[in-house]
Amino acid sequence: MSNTQPAPVASERIELKARKVSFDWVDSPLHWVPGDPFTTHTINVLHLLLPAGERWFIHVYKQVLPLIEDDRLRADVIGFIGQEAVHSQAHDDVLPHLKSLGLDPTPYTAQVDWLFEKLLGDRTLPPGRARRWWLLERVALIAAIEHYTAFLGNWVLNAEELDRRGADPMMLDLLRWHGAEEVEHRAVAFDLFTHVDGDYRRRVRTWATAFSTLVFLWQRGVRFFMANDPLLTDGRASFGQFHRAGRAGVLPATGDMLRSVPRYLSRAYHPSQEGSTAQAVAYLATSPGANGGR
């Protein structure tokens, strides 16, 4: 059963392009949210998940390009691929800095690499229906994941409490540049899924897989960082800490995250209804990192 979608907000569509970015980590502290290692490490999990995840996005999308029959959507997907390649590299570049500060992420990133390269990678399947099914499953998974990357991008663009707490400006710029581009291209993955398939049952099934996997990986990542932080003697992580940080405004609020679920599962859902392209583009125009570090 196909999923009938409302028309995207036409005025929100812009040409997508990869930007040349530059970030210098030499002065960024391990706890870049001062006095708050839990918030720091909860957000730091992005650096563990995104490099492998976004390389996987690119790999899948290169396979699906021949199935795209709409020239404008093809151009959007190509722009999306370019942006995701830069995202992957930018977050990957943070990992040596964390290691230099005494927090080696390699044991965790090895598990993430296995997930995307092996469990969600290509399978030896006969040409035809089985191979197409596995490709469409992964396209739908990416659409579900991109719902949450756009949610997080919109959140970090508006997370003024991080500024008030004195968060490291270099890390904030990385997060907001990335978040702004997630908002900028937030409709591409869903439009691609709708174009090549759009089955509502697949959308629901892959959302459940994506959501549960992200929650599992994120809490493992936070616990890994807290347990291995050289500046902590008893680093622990709990949902209660996450909930309190959300109420304080330094992490996404639990209620906002829960309310994002029925929005994605609604038959009337379209990503253009969330976030603001104008806000994203305005940030990208002023971001030091997105303008070559100037």
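Here we summarise the structure given alongside this text. These numbers come from a predicted model, not from an experiment.

Considering the packing of helix α2 (residues 71–92) against helix α7 (residues 169–184)
Part 1: At a minimum axis separation of 11 Å, α2 and α7 run at an interaxial angle of 160 degrees. Our classification of the angle between α2 and α7 gives roughly antiparallel. Remark: the crossing between α2 and α7 carries left-handed chirality. On the side of α2, the interface is formed by Q83, E84, V86, H87, A90 and H91, while α7 contributes L174, W177, H178, E181, E182 and E184.
Part 2: Looking at side-chain class alone, the contact of α2 with α7 contains 4 nonpolar, 4 polar and 4 charged residues.

Let's talk about the pattern of salt bridges
Part 1: Evaluation of the coordinates by the stated rule reveals 17 salt bridges.
Part 2: Across the pair R165 and E161 runs a salt bridge, and its minimum N-O distance is 2.8 Å.
Part 3: A relative accessible area of 35% means that R165 is categorised as partly exposed.
Part 4: Judged by relative accessible area, E161 falls into the buried class, the value being 17%.
Part 5: By sharing partners, the salt bridges in this structure join E137, D197, R202 and R205 into a single network.

About the cut-offs
Residues numbered from 1 in each chain as written. Predicted model: local features only at pLDDT ≥ 70, side-chain atom pairs only at ≥ 80, totals over all residues. Heavy atoms only, no water. Axes fitted to C-alpha atoms, helices over the stretch in contact; angles between N-to-C directions. Helix = DSSP H or I, 4+ residues; strand = E, 2+ residues; numbered from the N terminus. Parallel < 35°, antiparallel > 145°, perpendicular 65-115°, else oblique. Left-handed = near helix turned anticlockwise from the far one by under 90°. Contact = heavy atoms within 4.5 Å. Nonpolar A, V, L, I, M, F, W, Y, C, P; charged D, E, K, R; others polar. Salt bridge = Lys/Arg side-chain N within 4 Å of Asp/Glu carboxyl O. Buried < 20%, exposed > 50% of the residue type's maximum accessible area, 1.4 Å probe, protein only.

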